[in-house]
Amino acid sequence: MFRISQYMRELAQAQQTGQWPAASRRGLGTPPGPVVIWNLIRRCNLTCKHCYALSADHDYTGELSGDEVATVMDDLKAFRVPVLILSGGEPLMRPDLFEIAERAKRMGFYTGLSTNGTLIDAPMADRIAAQGFDYVGISLDGLRETHDKFRRLEGAFDRSLAAVRLLRERGVKVGLRYTMTAMNAHDFAPLLDLMRAERVNKFYFSHLNYAGRGNIHRGKDAQFQSTRDALDRLYDRAWQAARDGLDEEYVTGNNDADGPYLLQWVAQRFPRWTEALRERLVAWGGNASGVNVANIDNLGEVHPDTMWWHHALGNVRQRPFSQIWMDTSDPLMAGLKASPRPVEGRCAKCQHFAICGGNTRTRAQQLTGNAWAEDPGCYLSDEEIGLPAGDATASTRRTTILMKEVDHV
Ligand code: SF4
């Protein structure tokens, strides 16, 4: 996850004081365990076009029981996992979701809920508020017509927006989650306006990744120019919010080239802060799959992140998560935990590799079969990543991958 607003607030402070703020000392010492995104149930009342879990509205067998979830939570706590994001499917369809959340809160986890929002009426909003979730993310993929088409349910938009309002009225911290593709890029700006009109203070912009149903639709992924246009808009918005002291948070996910792109954005507008920001971005380090973010699926399989459901590292029924997570006998995990990662192609030659970390390995693996190939989702030009213009090797390889992508339309 790339926290745009954090850097924009630092930039605003630097502009005011003439000095880039010192990095927080929080987190020095033994690093905590990863943030765990936990798909507790695969069942969902919707069948969204871009769902990585390929969920449907029926029960799935073999899911972790409440007792098994509790055992895993004990291990996660001992392993110093700080954050649990309870997800699905639709997590509110799991009958013991609130018992799990209650236990998570009692154990001191920062507890988030990732939901489509369509099952949240007033009594459910009361329950969520009473439970004390630290954060609830609700997916909105566009305005009414677009969202309902994406979610394959007429009325889904109205129900999700109603949920946002019900939760906000009860003081729950709510965020909008938006995954951009060519099919909904036109609704991005109106959604940002909606966020502000609804006084929602977090916006999560997700790039499309190539997994699950997102993989099937990768040919319709927004092309690079529209990605850059969207990020320009997002960075402008986040900067304006930081400069004006608004309580708004903008984050992105699934494309760590957003870090170098922010560096460029700052270099063009506030060149004196380029080096200070570069240092901060290198400390962030880019892609965190297999290191600072983890996924446990409904069957207890552990994955490097939610986009690696086709690659299991082990099952929490057989071995504790803490052991699976530290086991680098799996070549993928060894590579993800290596520093630097053994990336190839233009990522290996890129001047921003220390910031971006080589970006999203799933995309490379899905499109080329090689998890260490350059990320074909990188929207920066050869020139921007420091390759000589017309670097034949890199450009040719990139074109080939893009053509493959077109083949899948
Ligand atoms: S070329 Fe690779 S390492 Fe460089 S910004 Fe793009 S994805 Fe990141």
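Per an unreviewed UniProt entry, the protein chain is named Pre-heme d1 synthase, and its organism is Hydrogenophaga pseudoflava. Looking at the Function (unreviewed entry) heading of the UniProt record, one finds this comment for the protein chain: "Involved in heme d1 biosynthesis. Radical SAM enzyme that catalyzes the removal of two propionate side chains from the intermediate 12,18-didecarboxysiroheme (DDSH) and may introduce the keto functions on rings A and B, yielding the heme d1 precursor dihydro-heme d1." The UniProt entry for the protein chain carries the following text under Cofactor (unreviewed entry): "[4Fe-4S] cluster".

For the rest of this paragraph, the subject is helix α3 (residues 97–106). Side chains that are three or four residues apart share a direction in an α-helix, a result of its 3.6 residues per turn. Burial in α3 covers these residues: Leu97, Ile100, Ala101 and Ala104. Viewed end-on, α3 has its buried residues packed into an arc of 95 degrees, placing them on one side of the element. Contacts from the buried residues of α3 go to α2 (66–78), β3 (83–87), β4 (110–115) and α4 (122–131). Just downstream of α3, glycine 108 is the residue with a positive phi angle, here 95 degrees.

Attention shifts here to the site of the ligand. If you check the shell around the ligand, you find 15 residues, and the closest are Cys347, Cys350, Cys356, Asn359 and Cys378. Among the secondary structure elements, those contributing two or more residues to the shell around the ligand are α14 (345–349) and α15 (353–356). Split into classes, the residues belonging to the shell around the ligand amount to 9 nonpolar, 3 polar and 3 charged.

Moving on, we get to the nonpolar core. Of all hydrophobic cores here, the largest spans 92 residues; its most connected members are Ile4, Leu86, Leu167 and Ala238. The element contributing the most residues to this core is helix α9 (residues 224–243), with 8 residues. Taken domain by domain, the makeup of this core includes at least three residues from each of domain 1 (31–222 + 287–337) and domain 2 (340–409). Once residues within four sequence positions are removed from consideration, isoleucine 4 is found in contact with Leu234, Tyr235, Ala238, Tyr250, Val251, Thr252 and Leu262.

Let's shift gears to the sheet that holds strand β5 (residues 135–139). If you walk across this open sheet you meet the 11 strands as β1-β8-β7-β6-β5-β4-β3-β2-β9-β10-β11, and the pairing is mixed. The outermost strands of the open sheet, each flanked by one partner alone, are β1 (2–3) and β11 (314–315). Alignment of β4 against β5, held across 4 bridges, turns out to be parallel. Residue threonine 115 lies in a different strand from β5, and its bridge partner there is isoleucine 138. Across the sheet, helix α7 (residues 188–197) is in contact with β6 (174–180) and β7 (202–207); its angle to β6 comes to roughly 180 degrees.

As a further point, take unusual backbone geometry. A cis amide bond links glycine 88 to the next residue, glycine 89, at an omega of 25 degrees. The step from serine 339 to proline 340 runs through a cis peptide bond, and the omega angle for that step is 0 degrees. Tracing the backbone through its elements, the reader meets proline 340 in the loop between α13 (331–337) and α14. Notably, arginine 152 is not glycine yet its phi reads approximately 55 degrees, a positive angle. With respect to the helices and strands, the residue arginine 152 is situated in the loop between α5 (144–151) and α6 (156–169). The exposure class assigned to arginine 152 is exposed, which follows from the 11 C-beta atoms found within 10 Å. Of note, the phi angle at asparagine 359 is positive, near 65 degrees, even though the residue is not glycine. Among the structural elements, asparagine 359 can be located in the loop between α15 and α16 (361–368).

Cut-offs used in this document
Residues numbered from 1 in each chain as written. Predicted model: local features only at pLDDT ≥ 70, side-chain atom pairs only at ≥ 80, totals over all residues. UniProt positions renumbered as here; feature names shortened; annotations may be inferred. Buried ≥ 20, exposed ≤ 12 C-beta atoms within 10 Å, placed from the backbone. Helix = DSSP H or I, 4+ residues; strand = E, 2+ residues; numbered from the N terminus. Arc of directions from axis to C-beta. Contact = placed C-beta atoms within 7 Å. Near = placed C-beta within 6 Å. Nonpolar A, V, L, I, M, F, W, Y, C, P; charged D, E, K, R; others polar. Core = buried A, V, L, I, M, F, W, Y, C linked by C-beta atoms within 7 Å. Domains from an automatic or database assignment. Pairing = 2+ DSSP bridges. Axes fitted to C-alpha atoms, helices over the stretch in contact; angles between N-to-C directions.

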